[in-house]
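Observations on the three-dimensional arrangement
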Amino acid sequence: MTIENPFGQVLVALITPFTADGEVSWPDVEKHIDDVISSGADGIVVTGTTGETSTLTDPEKIKLVEVAKSVSAGRAKIITGGGSNETAHAIELYKASEKAGADGVMIVTPYYNKPTQAGVLTHFRMIADATDLPVILYDIPGRTGIPITYETILRAAKHPNILAVKDAKGDFSEVSRVLNQTDLMYFSGDDSNVLPHLAIGASGLIGVTANIAPAPYRVIVDAVNAGDLATATAAHQALEPLVRAAMTHVPGTVAAKYILQGLGRISSARVRLPLVGPEDAEAAMIEDELALVGEIKGLDLSNFRPDRNAAAGGALPKIAGATR
């Protein structure tokens, strides 16, 4: 990390481990955060899409920041994601996250409302005005229904707190244009495109598969930093079947939890409704992809023992009357 990059380079889009009945498993949260940091992550994004932010309560979101900050103990930056499609609520959450110790915030494009680009820009600016923390904008039109347009990104870049974009749009020519026209940093938000993003000037990644194997992403980033394309490419290719297992058959959160539980790294693969665990056919496809994974630094699949029955179905949070 440099002074110019306050977020880190290998950022994990953290899952939120749950117990079998759907409550946050705080011991698993602590263990998992320590595991990924010890394996090379220098940034943790809590309460993002992969963390099931849409079904977390506000108190859970703030506690995740507090716990991550405590466990990291200065070893990694803690970024709070998620926010809200209601600007006022998002501001409340980010202020509370800053107070809880977050090192940065990631603001997703307002979803469902389908605002104009003027509304998107106002949402970003008002949140950035309300915090002293550095800001990453999250461009993921496949989930939010609208993109952050090139023109909006250029205008947002003028705000002193808006320093970066997480790109899950996959428009590499636009990324190059923005990098040429602004001082914004880019983070790859698509696990299969990490190396291509880095190759055109991205600063790092915010990855789902990094929950399972952060070490090879550290290898890729360090190799790119050193100008060693051969090493970076070899790690990228080794990761390809694992990325396919995690990202193509069910939502990444679901697959990541299924794999992590099978490896014994979390106690339950539970997700909250409307997400559900993989059906048998989906689980079989995930397992078939895993069988193609070769040698990956920091990952031993020989002890993979998935529990399909335990993973099936979703769970409701059992926190009565909690603010959402």
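Residues numbered from 1 in each chain as written. Predicted model: local features only at pLDDT ≥ 70, side-chain atom pairs only at ≥ 80, totals over all residues. Heavy atoms only, no water.

Here we take up the overall build of the protein. Helices and strands together make up the secondary structure of the protein, namely 13 helices and 8 strands. Whereas a compact globule of 324 residues would reach a radius of gyration of roughly 20 Å, the protein reaches 18 Å, a difference of no more than 12%. Reported as C-alpha extents along the three principal axes, the dimensions of the protein are approximately 55 × 50 × 35 Å. A buried classification covers 56% of the 324 residues belonging to the protein. By sequence separation, contacts in the protein at least 24 residues apart represent 73% of the contacts at least 6 residues apart. A total of about 13,100 Å² of accessible surface is found on the protein, and carbon and sulfur atoms cover 52% of it. Between the mean site of the 27 positive side-chain charges and the mean site of the 38 negative ones, the protein shows a separation of 4 Å. (Helix = DSSP H or I, 4+ residues; strand = E, 2+ residues; numbered from the N terminus. Rg over C-alpha atoms; globule rule 2.2 N^0.38 Å. Buried < 20%, exposed > 50% of the residue type's maximum accessible area, 1.4 Å probe, protein only. Contact = heavy atoms within 4.5 Å. Areas by Shrake-Rupley, 256 points an atom, 1.4 Å probe, with all protein chains shown as cover. Lys, Arg positive; Asp, Glu negative; His and termini not counted. Charge placed at Lys NZ, Arg CZ, Asp CG, Glu CD.)

Once that is clear, we can look at helix α2 (residues 58–72). Helix length check: α2, at 15 residues, gives a terminal C-alpha distance of 21 Å against a target of 21 Å (1.5 Å per residue), a fit within 8%. Listed as buried for α2 are D58, E60, K61, I62, L64, V65, V67, A68, V71 and S72. In this structure, the buried side of α2 is in contact with α1 (26–38), β2 (43–46), β3 (77–80) and α3 (87–100). Positive phi shows up at A73, right after α2, with a value of about 50 degrees. (Expected span 1.5 Å × (residues − 1).)

Below, the discussion takes up the pattern of salt bridges. One side chain can pair with another of opposite charge once the charged atoms of both are near each other. Taken as a whole, this structure holds 11 salt bridges when the rule is applied. Look at the salt bridges and you will find they share partners, linking D42, R218 and D222 into a network. (Salt bridge = Lys/Arg side-chain N within 4 Å of Asp/Glu carboxyl O.)

All right, on to the UniProt feature "site: Part of a proton relay during catalysis" (unreviewed entry) in the protein then. The feature "site: Part of a proton relay during catalysis" (unreviewed entry), as annotated in UniProt, sits at T49 and Y112 in this numbering. With respect to the element layout, T49 can be found in the loop between β2 and α2. Relative accessible area serves as the criterion here: at 28%, T49 is assigned to the partly exposed category. Setting aside residues no more than four positions away along its own chain, T49 makes contact with Y138, R143 and T253. (UniProt positions renumbered as here; feature names shortened; annotations may be inferred.)

Right, let's talk about the side chain of S25 for a bit. Mapping S25 onto the fold places it in the loop between β1 (10–13) and α1. Under the relative-accessibility criterion, S25 is labelled buried at 7%. The contacts of S25, once residues within four sequence positions are left out, are P17, F18, T19 and S267.

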